[in-house]
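Overview (structure and organization)
Now for the letters of each chain:
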Amino acid sequence: MASALPHCPPVSHTPEERSTVALGEKPAGQVFEALASDTARAIIKRLSASPATASEVATAVDTSVQNAGYHLGRLEDAGVVAEADVWYSARGKEMSVYAPRVEEVVVRVPGVTDTGADAAGAETSEDDRGGRER
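A brief structural summary. (Residues numbered from 1 in each chain as written. Predicted model: local features only at pLDDT ≥ 70, side-chain atom pairs only at ≥ 80, totals over all residues. Heavy atoms only, no water.)

Focus: a nonpolar patch on the surface
Worth spelling out the cut-off: Here a patch means residues that are over 30% exposed by relative accessible area and free of salt bridges, tied together within 9 Å if like-charged and within 5 Å if nonpolar (Val, Leu, Ile, Met, Phe, Trp, Tyr). The accessible surface values rely on the Shrake-Rupley method and a 1.4 Å probe; as for residues, cover is taken only from the protein chains in view. When a carboxyl oxygen of Asp or Glu lies within 4 Å of a side-chain nitrogen of Lys or Arg, that pair is called a salt bridge. Secondary structure is summarised from DSSP: a helix means a run of H or I of at least four residues, a strand means a run of E of at least two, and numbering begins at the N terminus for each.
A contiguous nonpolar patch, built from Leu23, Phe32, Val107 and Val109 and spanning about 310 Å² of accessible area, is present on the exposed surface. Topologically, Phe32 is positioned in helix H1 (residues 26–35).

Below is the structure:
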């Protein structure tokens with residue numbers, strides 16, 4: 001996608017593979033809150049294609065630059081996106097270029113191990129994990 005900015009060098013950014021947040025802790029809440037909006041999720045989808053400025057993101061997701069900036073700020077505070085570079089407008093104004101900070105966010109449930117055992121060490125059946133009909 002071509003940019004209207006006068007100088008937009010390629011952004012070299014490789015997101016981290018994974019970020020783990022523990023359910024019930026503040027970082028997990030920030031991630032959930034930041035991703036609760038359809039607009040925020042559309043922004044993540046856009047940034048997964050290539051890094052972009054708030055203005056480019058706003059155009060791509062059909063929102064205002066102010067709204068895109070709001071969501072980018074929340075996503076950055078939650079650790080989901082990061083400033084990957086800085087470009088300069090025709091007037092010399094700095095413009096942050098955003099990209100995903102991580103490829104995936106994993107939510108860890110305290111007291112549950114990766115093997116499916118609960119906190120007491122008993123195996124958890126599929127029914128106990130929500131596999132049963134409701």
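Structural notes on the packing of helix H2 (residues 38–49) against helix H3 (residues 54–61)
Selection criterion: An axis is simply a line fitted to the C-alpha atoms; with a helix, the fit covers only the stretch in contact. Between two such axes, the angle follows the N-to-C directions and lies from 0 to 180 degrees. Each angle is binned into one of four classes, with values under 35 degrees roughly parallel, values over 145 roughly antiparallel, values of 65 to 115 roughly perpendicular, and all other values oblique. Working rule for handedness: look at the near helix, and if it is turned counterclockwise from the far one by less than a right angle, call the crossing left-handed; if clockwise, right-handed. Note on contacts: a residue pair qualifies if any of its non-hydrogen atoms lie within 4.5 Å across the two residues.
Running from N to C, H2 and H3 cross one another at 115°; their axes reach a closest spacing of 10 Å. Classified by the interaxial angle, the pair formed by H2 and H3 is roughly perpendicular. Regarding H2 and H3, the two cross each other, and that crossing is right-handed. In this structure, H2 contributes Ala42, Ile43, Arg46 and Leu47 to the contact, and H3 contributes Glu56, Val57, Ala60 and Val61.

Things to note about the pairing of strand E4 (residues 94–100)
Here is the rule: Any residue under 20% of the maximum accessible area for its type is buried, any over 50% is exposed, and the rest in between are partly exposed; the area is computed with a 1.4 Å probe on protein chains only. Strands are labelled as partners when DSSP assigns at least two bridges between them.
Among the 7 residues of E4, 5 are classified as buried, and the element is accordingly described as predominantly covered. Looking at chain direction, strand E2 (residues 52–53) and E4 are connected through 2 bridges and run antiparallel. Bridge assignment links Thr53 to a residue of E4, and that residue is Val97. Between strand E3 (residues 81–88) and the antiparallel strand that follows it, E4, lie 5 residues; Gly92 among them carries a positive phi value of about 85°.

A few points about a negative patch on the surface
Where we set the bar: For this count, His and the chain ends are skipped, Lys and Arg are scored as positive, and Asp and Glu as negative. In plain terms, the charge of a residue is placed at NZ if it is Lys, CZ if Arg, CG if Asp and CD if Glu.
On the surface, a cluster of negative charge is contributed by Glu76, Asp77, Glu83 and Glu94. Turning to its location among the elements, Asp77 is positioned in helix H4 (residues 65–77).

Description of the nonpolar core
For clarity, the cut-off: Note on terminology: a nonpolar core comprises buried Ala, Val, Leu, Ile, Met, Phe, Trp, Tyr and Cys residues joined through side-chain atoms within 4.5 Å.
Formed by 17 residues in total, the largest nonpolar core has its most connected members in Ile43, Leu47, Val57, Leu72, Leu75, Val80 and Val81. Elements with a minimum of two residues in this core: H1, H2, H3 and H4. For this core, the element with the highest residue contribution is H3, accounting for 4 residues. What Val81 contacts, discounting residues up to four positions off in sequence, is Ile44, Leu47, Leu72, Leu75, Glu76, Tyr98, Ala99, Pro100 and Arg101.

A short note on the environment of Lys26
Turning to its location among the elements, Lys26 is positioned in helix H1. Between the alpha carbons of Lys26 and Ala78 there is a distance of 9.5 Å; along the sequence they are 52 residues apart.

Topic: H4
In plain terms, the rule: Every helix has an expected span of 1.5 Å times one less than the residues it contains. Taken from the helix axis, the directions to the C-beta atoms give the arc we talk about.
With 13 residues, H4 extends 18 Å from end C-alpha to end C-alpha; this agrees with the ideal 18 Å at 1.5 Å per step. Those residues of H4 that fall on the buried side of the exposure criterion are Ala68, His71, Leu72 and Leu75. Within H4, the buried residues cover an arc of 105° as seen down the axis, which keeps them to one side. Across from the buried face of H4, at angles greater than 90 degrees, the exposed residues are Gln66 and Asp77.

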